[in-house]
Each structure stands twice: as C-alpha cells, then as structure tokens.
Amino acid sequence: MPRLVTARQIVLDKDTLNGYMQKVPYADIEQLIRFAEHKKFRDIQNNERTEQDAVRFAGLKPSHCHHPGGCRTGKAHQRAFNRYFL
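For every chain, the first residue of the written sequence is number 1, and numbering continues from 1 along that sequence. With pLDDT at 70 or above as the cut-off, local features in this predicted model cover only qualifying residues; side-chain atom pairs require 80 or more to be listed or tallied, and sums for whole chains, interfaces and linings still use all residues. Side-chain numbers come from the whole structure's heavy atoms, not from hydrogens or water.

Some remarks on the overall build of the chain
For clarity, the cut-off: A run of H or I in DSSP counts as a helix once it spans at least four residues, and a run of E counts as a strand once it spans at least two, with each numbered from the N terminus. Two residues form a contact once any of their heavy atoms are found within 4.5 Å. Throughout, the Shrake-Rupley method with a 1.4 Å probe supplies accessible areas, and for residues the shown protein chains are the sole cover considered.
Secondary structure assignment for the chain yields two helices and two strands. The order of helices and strands in the chain, counted from the N terminus, is β-β-α-α. Intrachain contacts of the chain at a sequence separation of at least 6 include 3% that bridge at least 24 residues. For the chain, the exposed area adds up to about 8,500 Å²; of that, 57% sits on carbon and sulfur atoms.

Some remarks on the pattern of salt bridges
Cut-off, in case you're wondering: Think of a salt bridge as a Lys or Arg side-chain nitrogen and an Asp or Glu carboxyl oxygen that are within 4 Å of each other. Here's how the labels work: a residue is buried when its accessible area is under 20% of the maximum for its type, exposed when over 50%, partly exposed in between, all with a 1.4 Å probe on protein chains only.
Applying the stated criterion across every chain, the model contains one salt bridge. A salt bridge links Lys39 to Asp43, with the nearest nitrogen and oxygen atoms 3.5 Å apart. One end of the pair is Lys39 and the other is Asp43, both in helix H1 (residues 26-46) and four residues apart, which spans about a single turn. Given the relative accessible area of 43%, Lys39 is considered partly exposed.

Remarks on unusual backbone geometry
Of note in this structure, Asp13 is not a glycine but carries a positive phi near 50°. Unlike most non-glycine residues, Lys14 shows phi in positive territory, near 65°. Assignment of secondary structure puts Lys14 in the loop between strand S1 (5-12) and strand S2 (15-22). Under the relative-accessibility criterion, Lys14 is labelled exposed at 82%.

A closer look at the pairing of S1
Here is the rule we go by: Paired strands, as defined in this entry, are two strands with at least two bridges between them according to DSSP.
With eight bridges joining them, S1 and S2 adopt antiparallel strand pairing. From the neighbouring strand, Val5 faces S2, where its bridge partner is Gln22. The hairpin turn running from S1 into S2, its antiparallel successor, is two residues long, and Asp13 in that turn takes a positive phi close to 50°.

Digging into a nonpolar patch on the surface
Keep this limit in mind: Exposure above 30% relative accessible area and the absence of a salt bridge qualify a residue for a patch, where like charges join within 9 Å and nonpolar side chains (Val, Leu, Ile, Met, Phe, Trp, Tyr) within 5 Å.
A grouping of Val24, Tyr26, Ile29, Leu32 and Ile33 is seen on the molecular surface, where their side chains present a nonpolar patch of about 470 Å² in accessible area. Within the fold, Leu32 resides in helix H1. The exposure class assigned to Leu32 is exposed, which follows from its relative accessible area of 57%.

Any functional reading would require information beyond the geometric quantities listed.
And the structure:
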C-alpha cells in the first residue's frame, strides 16, 4: 500500500512552517512511542548512581578493586573483566 505524502503549511507560535504529512498505520506510531519510552527508561537507568537512591543502595560502601590484575580503567579493565569472568 503506497503511503501518501502531502505538502502542508502550519502556523506554530506565530511562525509559518512548511513540511510534509505522511499517512502511516497507527501501529507504527505506537511502536515509535514504545521505543521512545523504553529509551527514556534506559537512559534514566544507565545514568543512575548509588548516591541517588538511599533506599535501594542503603549501607553500601565505596567499592575497591580486588582482582588479581590490579586496578585498571577503560578498555583494559573491560578486557580483564572478560578474561576472569566470561
């Protein structure tokens, strides 16, 4: 089924904007919304630090490096982790 694209001109905050409108199935819109919500959740989760949640991380002390290769940072640390734990 071909998707129809039509040129549109809208007024938004006293500005005239030119663009195109395309008809798509509503399932595509729902999928985009789900993806955006999931990405927002993952960004929040990945940026979370232990200091930000005193209930879930109560009583935790700062961690220290105790693996046989010594403390490393960056890619060297990742390689050491992979070698010992994977």
